[in-house]
Amino acid sequence: MQSYNKKNIILGLCAACVIGVLPFIVLRLMEQLWLMVAVDFTALVGAILIGVYVIKSDKLRIACIILTALFLVTVVVVVNIRGPSLIYWFYPAMITGYFLLKPLEALIVNILALFAIFPVINSQLLLIEQLSVLFTISLVNVFSYIVFRSMAGYQDVLTQQATQDGLTGAGNRRLFNYHMEQFFAAATEQHTPLSLIILDIDNFKTINDTFGHAKGDEVLSAVLRLLNSRLRKSDTIYRLGGDEFAIVLSEASGDAAVSKAEELCRLVSNTRLCADIRVTVSFGVAERQPGDEINDLVARTDSLLYRAKEEGRNRVCVD
């Protein structure tokens, strides 16, 4: 979800660059300022290429770094060509870095860019003008760093609350739906397998009724920790609701997913949880097939889970 917002920011900045720079190219062509035309045209083409790259690849981190470098390098070149009269372009370029990079990264690259234009400031401005420029640049960076650092912290908290199950710490259904779109897109593009496991705790209502809901919550958390202990870093687990969980195994065949589910089934059934409470888990396992939509895979896996329940629980059912 954050990546979706970042993508929109990148595309918006690329569009703003194209719209903003194009009139200057026309004016400088009329004035026959060929070197400035070359600089502006390079910035325009660079913004277009970055926008296309983001749309096609979704590699946002790389795009953010390149776009920040494009803006700052363009401003540094322009100031060195035309002098400190164009120093005002440095301010929006600096702030843009805070939208695209981490606050500390933006602060560092802005300081480096300042060093690159300082010789021009030092040689062509009076001392009072130099101090004014340096002070305002420092002020912009300090305020931007504080604001964006605070925003990043709040955003992390809000994202966690919106996408994480409060009890177990697993991803929630909203995050599951969002990630499944990414997993499906990657599997389609790279022609790699994708498998899904859906599981729930057998007779969980009985545990709640017998030991109380607080103990039931402990069991849910303990089961999740146990499952996580045997998953790869690339595997992701989500709580879909109640005692039902989903595990997405990217780049894993159906056979590999079945082996993993059987391993987890044995692990849970052989482990005593929360004051000697023994639980079992039922699993449905399915692999993405050509032509599958997300709902097809989820529905098929869910039906296999219910079949495992009907066949006696504490087992794995597969396509």
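Caption draft 1: Spotlight on the packing of helix α7 (residues 173–190) against helix α11 (residues 294–310). Look at α7 against α11: their axes get within 10 Å of each other, and the N-to-C directions meet at 115°. Of the possible angle classes, the one that applies to α7 and α11 is roughly perpendicular. Both α7 and α11 take part in a crossing whose hand is right-handed. Facing Phe176, Met180, Glu181 and Phe184 of α7, the residues of α11 in contact are Ile294, Leu297 and Val298. Taken together, the residues of the contact of α7 with α11 break down into six nonpolar, no polar and one charged.

Caption draft 2: Representation of the packing of helix α3 (residues 60–82) against helix α4 (residues 90–100) within the structure. Axis separation between α3 and α4 bottoms out at 9 Å; the angle between their running directions is 170°. Considered as vectors, α3 and α4 are oriented roughly antiparallel to each other. Counting all contacts with α3, which are made through Cys64, Leu67, Thr68, Phe71, Leu72 and Val75, the residues of α4 involved are Phe90, Ala93, Met94, Thr96, Gly97 and Leu100. Split by residue class, the contact of α3 with α4 holds nine nonpolar, three polar and no charged.

Caption draft 3: Representation of the pairing of strand β2 (residues 236–241) in the model. In the sheet, β2 pairs with strand β3 (residues 244–250) via five bridges, with the strands oriented antiparallel. Each bridged residue has a counterpart across the sheet, and for Thr236 the counterpart in β3 is Val248. In sequence, β2 turns back onto β3 through a hairpin of two residues, with Gly242 there showing a positive phi of about 60°.

Caption draft 4: A nonpolar patch on the surface, seen in detail. Together, Phe24, Val26, Leu27, Met30, Tyr88 and Trp89 make up a nonpolar patch on the protein surface, roughly 610 Å² of accessible area in all. Position of Trp89 relative to the elements: it lies in the loop between α3 and α4.

Caption draft 5: Just the side chain of Ser250, in detail. Within the fold, Ser250 resides in strand β3. Leaving out residues up to four positions away in the same chain, Ser250 has contacts with Phe183, Pro193, Leu194, Arg232, Ser234 and Asp235.

Caption draft 6: Region of interest: the nonpolar core. Counting 38 residues, the largest nonpolar core has Ile10, Ile50, Leu67, Phe90 and Ile117 as its most contacted members. Looking at this core element by element, the count peaks at 10 residues for α3. In contact with Ile117, other than residues within four places in its own chain, are Val76, Val79, Asn80, Ile87 and Phe90. With 33 residues, the next largest nonpolar core counts Phe204, Val219, Leu249 and Val281 among its residues.

Caption draft 7: A look at the layout of surface pockets. Roughly 450 Å³ of internal volume is contained in the second largest pocket. Looking at the lining of the second largest pocket, the elements with two or more residues in it are α1 (2–30), α2 (34–57), α3 and α4. When residues in the lining of the second largest pocket are grouped by element, the largest group, seven residues, is from α1. Class assignment for the residues of the lining of the second largest pocket results in 13 nonpolar, three polar and two charged.

Caption draft 8: Structural detail: the pattern of salt bridges. Evaluated as defined, the whole model comprises 12 salt bridges. Note that Asp40 and Arg28 form a salt bridge whose closest N and O atoms lie 2.3 Å from each other. Taken together, the residues span a long stretch of sequence, with Asp40 in helix α2 and Arg28 in helix α1 at a distance of 12 residues. For Asp292, the salt bridge identified is with Arg300, shortest N-O distance 2.8 Å. The buried category is assigned to Asp292, whose relative accessible area is 13%. Bridged by salt links that share partners, the residues Asp200, Asp202 and Lys309 form one connected network.

Caption draft 9: Geometry of the packing of aromatic side chains. Under the criterion given, the structure shown has five aromatic pairs. Ring plane angle 80° and centroid distance 5.7 Å describe the contact between Phe24 and Trp89, whose orientation is recorded as edge-to-face. Placement of the pair is Phe24 in helix α1 and Trp89 in the loop between α3 and α4, with a sequence separation of 65 residues. Here the aromatic residues Phe24, Tyr88 and Trp89 are joined through ring pairs into a cluster of three or more.

Caption draft 10: Region of the structure containing the confidence of the model for the protein chain. Averaged over all residues, the pLDDT of the protein chain is 92; the fraction at 70 or higher stands at 98%. Taking the mean pLDDT of every element in the protein chain, the minimum, 82, falls on strand β4 (residues 272–273) and the maximum, 97, on strand β6 (residues 281–287).

Caption draft 11: Here's a closer look at the environment of Glu311. Its place among the elements puts Glu311 in the loop between α11 and β7 (316–318). You can call Glu311 partly exposed: its relative accessible area is 42%. With 29 residues separating them in the primary sequence, Glu311 and Ser282 have C-alpha atoms 9.9 Å apart.

Caption draft 12: Spotlight on the environment of Ala256. Take Ala256: it is sitting in helix α10 (residues 254–269). The class of Ala256 is partly exposed, set by a relative accessible area of 36%. Separated by 61 residues in sequence, Ala256 and Ser195 place their C-alpha atoms 8.6 Å apart.

Reading the values: rules and limits
- Residues numbered from 1 in each chain as written.
- Predicted model: local features only at pLDDT ≥ 70, side-chain atom pairs only at ≥ 80, totals over all residues.
- Heavy atoms only, no water.
- Axes fitted to C-alpha atoms, helices over the stretch in contact; angles between N-to-C directions.
- Helix = DSSP H or I, 4+ residues; strand = E, 2+ residues; numbered from the N terminus.
- Parallel < 35°, antiparallel > 145°, perpendicular 65-115°, else oblique.
- Left-handed = near helix turned anticlockwise from the far one by under 90°.
- Contact = heavy atoms within 4.5 Å.
- Nonpolar A, V, L, I, M, F, W, Y, C, P; charged D, E, K, R; others polar.
- Pairing = 2+ DSSP bridges.
- Patch = residues over 30% accessible without salt bridge, like charges linked within 9 Å, V, L, I, M, F, W, Y side chains within 5 Å.
- Areas by Shrake-Rupley, 256 points an atom, 1.4 Å probe, with all protein chains shown as cover.
- Salt bridge = Lys/Arg side-chain N within 4 Å of Asp/Glu carboxyl O.
- Core = buried A, V, L, I, M, F, W, Y, C linked by side-chain atoms within 4.5 Å.
- Buried < 20%, exposed > 50% of the residue type's maximum accessible area, 1.4 Å probe, protein only.
- 1 Å grid on protein atoms, 1.4 Å probe; cavity = no way out; pocket = protein on both sides within 12 Å on 5 of 7 lines; lining within 4 Å.
- Points joined across faces, edges and corners; volume = space filled by probe spheres on them.
- Phe/Tyr/Trp six-rings, centres within 6.5 Å; stacked < 30°, edge-to-face > 60°.
- pLDDT = per-residue confidence, 0-100.

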